[in-house]
Amino acid sequence: METSRDAPTVSGRRQWWALVGFAAAVFVAAAIGGLGVQGTTDEYASLRQPGWAPPSWLFGPVWSLLYALIAVAGWLVWRRVGFSPALWAWTAQLVLNAIWTPLFFGAGRYGLAFAEIVLMWLAIGLTVVLFARVSRVAAALLLPYWAWVTFAAALNLSIWQLNS
């Protein structure tokens, strides 16, 4: 772990612009994930689902909170060490996050979406480990996201099995 002596010096205004940049990156990932995928609420409702599946209205508020946590976590790590392997892992999991929705809803490829979400889960885990070396707070901010993706992977698997 780099010490504050080794960390890049960043002016106050630049720090806040960087936070806006991290929020924009997360927003873009979410938007890319949703491009061309209209009617997900109807599609989700039409699927055979396990009894423990949450209602579709829950996903929006949960993902909004998680995306905010993802952005802040990335920003906190950037403030300490700049662009580093930890942020490359953060970027990789964000790209995988953007890919899942079009696979599941747009293409209806539930099995492929499950394989992809497993990769995303692993990438989030790597990000948590790398973030913990830099900022325990940043790593902790990703834990609800990792937990939700764990739940989402189980739901994806169940929906794949029920709808094959």
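Residues numbered from 1 in each chain as written. Predicted model: local features only at pLDDT ≥ 70, side-chain atom pairs only at ≥ 80, totals over all residues. Heavy atoms only, no water.

**Looking at the nonpolar core**
Judged by nonpolar contacts, the single largest core of 53 residues is most densely connected at Ile70, Val77, Trp90, Phe104, Met120, Phe131 and Tyr145. Those elements that place two or more of their residues in this core are α1 (12-34), α3 (59-81), α4 (85-106), α5 (110-134) and α6 (136-162). At 13 residues, α3 tops the list of elements feeding residues into this core. Residues in contact with valine 77, not counting those within four places in the same chain, are Gly82, Ala86, Leu87, Phe131, Val134 and Ala138. (Core = buried A, V, L, I, M, F, W, Y, C linked by side-chain atoms within 4.5 Å. Buried < 20%, exposed > 50% of the residue type's maximum accessible area, 1.4 Å probe, protein only. Helix = DSSP H or I, 4+ residues; strand = E, 2+ residues; numbered from the N terminus. Contact = heavy atoms within 4.5 Å.)

**Notes on the packing of α1 against α3**
One way to put it is that α1 packs onto α3 with a least axis distance of 9 Å and a crossing angle of 140°. One element, α1, and the other, α3, form an angle in the oblique class. When you trace α1 past α3, the crossing you get is right-handed. Here α1 contributes Arg14, Gln15, Trp16, Ala18, Leu19, Phe22, Ala23, Val26 and Ala30 to the contact with α3, which in turn contributes Tyr67, Ile70, Ala71, Val72, Gly74, Trp75, Trp78 and Arg79. (Axes fitted to C-alpha atoms, helices over the stretch in contact; angles between N-to-C directions. Parallel < 35°, antiparallel > 145°, perpendicular 65-115°, else oblique. Left-handed = near helix turned anticlockwise from the far one by under 90°.)

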